[in-house]
Amino acid sequence: MNVFGVDIGGSGIKGAPVDLERGDLAEPRHKVLTPHPATPDGVADCVHEVVSQFGWSGKVGITFPGVVTGGITRTAANVDKGWIDRDARALLGDRLGMPVTVVNDADAAGIAEMTFGAGAGRKGTVLLLTFGTGIGSALFRDGRLIPNTELGHLELNGHDAEKHASTRAKDDEDLSWEHWANRVQKYLSHVEMLFSPELFIIGGGVSRKAERFIPRIEGIRAEIVPAQLLNNAGIVGAAMAANTQS
Ligand code: BGC
């Protein structure tokens, strides 16, 4: 069965129908640039543009880069503040004329990785962390998601951790892989102290370059592996989340 998945990111909004049996895109995805500022109405227009490319009608799952509870977006660290306390499910559902499910982007990526990727079959405590414009987190206990953990906003050396250890920080401060890996190591060590996971899954676009930094990370007890679904984890996880909503 197919369900449509859309991933709202800092630079692009991308989507495709997802084959839920295979955990993969059923057709090549379509991407449009995220408007700046990323206001609710501007983003809703882009989501509509992506979905309409496929002549889709049916369930749609949509990721959002902030806290989402019951379809309401609660925070907006890297998008327009107009999203705070907005009924995103109603806004996007009305714009599309279809039933939508809205989930946090890292939670969606985690859901996909735990079924089809690096976390498949893994029990115990598993933490997926996405490194990009911000740092997203998805916490699983015996395969069950505890949503909206927001571990990117832990305080590290007096700073919001994502300001210090995201790939945006790497780019903005022009950090070498070694220097950035050192920051990621400090961050993981702090998260490990709090949660003692058995496994860290490193997601986000940078997971494609895992060999540049994961081998440089030392002193962490948990196993550290790159995510496997790469760019499509959010789209696949969004569709999976929409499928479990009645
Ligand atoms: C947001 C999270 C999001 C992460 C990755 C953070 O700034 O607070 O909700 O998962 O960025 O996009």
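Residues numbered from 1 in each chain as written. Predicted model: local features only at pLDDT ≥ 70, side-chain atom pairs only at ≥ 80, totals over all residues. Heavy atoms only, no water.

S.K.: Report on the sheet that holds strand S16 (residues 223-226), specifying residues and quantitative values.
M.R.: Across the sheet, which stays open at both edges, the five strands sit in the order S12-S11-S10-S15-S16 with mixed pairing between neighbours. Here the strands that pair on one side only, and so sit at the sheet edges, are strand S12 (144-146) and S16. Geometrically, the sheet is characterised by an average inter-axis angle of 25° between neighbouring strands, direction not taken into account. Bridge count for strand S15 (residues 199-203) against S16 is four bridges, and the pairing is parallel. The partner of isoleucine 202 across the bridge, within S16, is proline 226. Strand contacts of helix H3 (residues 105-116): strand S10 (125-131), strand S11 (135-141), S12 and S15, with the helix running at about 45° to S11, the strand carrying the most contacts. (Pairing = 2+ DSSP bridges. Helix = DSSP H or I, 4+ residues; strand = E, 2+ residues; numbered from the N terminus. Axes fitted to C-alpha atoms, helices over the stretch in contact; angles between N-to-C directions. Contact = heavy atoms within 4.5 Å.)

S.K.: Quick rundown of the site of the ligand? Include the residues and the values.
M.R.: Contacts to the ligand come from Pro65, Gly66, Val67, Ala77, Asn78, Asn104, Asp105, Ile135, Gly136, Glu150, His153 and Glu162. Between an oxygen atom of the ligand and a side-chain N or O atom of histidine 153, the distance comes to 2.7 Å. Taking glutamate 162, its side chain carries an N or O atom lying 2.8 Å from an oxygen atom of the ligand. A total of 310 Å² of accessible area belongs to the ligand in isolation, and the protein chains cover 94% of it. Across the shell around the ligand, the residue classes break down as four nonpolar, five polar and three charged. Among the domains, domain 1 (2-107 + 233-245) and domain 2 (121-228) are the pair contributing at least three residues each to the shell around the ligand. (Near = heavy atom within 4 Å. Polar contact = N/O pair within 3.5 Å; in protein donor to acceptor, adjacent residues only side chain to side chain. Areas by Shrake-Rupley, 256 points an atom, 1.4 Å probe, with all protein chains shown as cover. Nonpolar A, V, L, I, M, F, W, Y, C, P; charged D, E, K, R; others polar. Domains from an automatic or database assignment.)

S.K.: Give me the lowdown on H3, citing residues and values where you can.
M.R.: Helix length check: H3 (12 residues) gives 17 Å between terminal C-alpha atoms against 16 Å at 1.5 Å per residue, within 8%. The N-cap residue of H3 is asparagine 104: its side-chain oxygen and the backbone nitrogen of alanine 106 are 3.0 Å apart. (Expected span 1.5 Å × (residues − 1).)

S.K.: Break down a positive patch on the surface for me, citing the residues and quoting the values.
M.R.: On the surface, a cluster of positive charge is made up of Arg208, Lys209, Arg212 and Arg216. Mapped onto the fold, arginine 216 is located in the loop between helix H7 (210-213) and S16. The class for arginine 216 is partly exposed, based on a relative accessible area of 40%. (Patch = residues over 30% accessible without salt bridge, like charges linked within 9 Å, V, L, I, M, F, W, Y side chains within 5 Å. Salt bridge = Lys/Arg side-chain N within 4 Å of Asp/Glu carboxyl O. Lys, Arg positive; Asp, Glu negative; His and termini not counted. Charge placed at Lys NZ, Arg CZ, Asp CG, Glu CD. Buried < 20%, exposed > 50% of the residue type's maximum accessible area, 1.4 Å probe, protein only.)

S.K.: Describe the sheet that holds strand S6 (residues 68-69), listing the residues and the values that go with them.
M.R.: Overall, antiparallel pairing links the three strands, which are arranged S6-S7-S8 in an open sheet. A single partner strand is all that each edge strand has here, and the edge strands are S6 and strand S8 (86-87).

S.K.: Please provide a residue-by-residue account of the packing of H3 against helix H8 (residues 233-244), values included.
M.R.: Close contact between H3 and H8 brings their axes to 7 Å; oriented N to C, the two are set at 90°. One way to sum up the angle between H3 and H8 is to call them roughly perpendicular. On H8, the residues touching Ala108, Ala109, Ile111, Ala112, Glu113, Thr115 and Phe116 of H3 are Ala233, Gly234, Val236, Gly237, Ala238, Met240 and Ala241. Residues of the contact of H3 with H8, tallied by class, amount to 10 nonpolar, three polar and one charged. (Parallel < 35°, antiparallel > 145°, perpendicular 65-115°, else oblique.)

S.K.: Pulling in residues and values, what's your account of the domain arrangement of the protein chain?
M.R.: Entries for the protein chain in the domain assignment read domain 1 (2-107 + 233-245) and domain 2 (121-228). Each of domain 1 and domain 2 has a C-alpha centre, and these two points are 24 Å apart. Across the contact, 10 residues belong to domain 1 and 14 residues belong to domain 2. Summed over both sides, the interface between domain 1 and domain 2 buries roughly 800 Å², with carbon and sulfur atoms accounting for 46% of that surface. Contact with domain 2 buries area across many residues of domain 1, yet Asn78, Ala106 and Asp107 alone supply 62% of it, more than any other trio. The interface formed by domain 1 and domain 2 contains zero salt bridges. For the interface between domain 1 and domain 2, the tally reads three residue pairs in polar contact (both at pLDDT 80 or more). By residue class, the composition of the side of domain 1 that touches domain 2 is four nonpolar, five polar and one charged. (Buried area = accessible area lost by both parts, 1.4 Å probe.)

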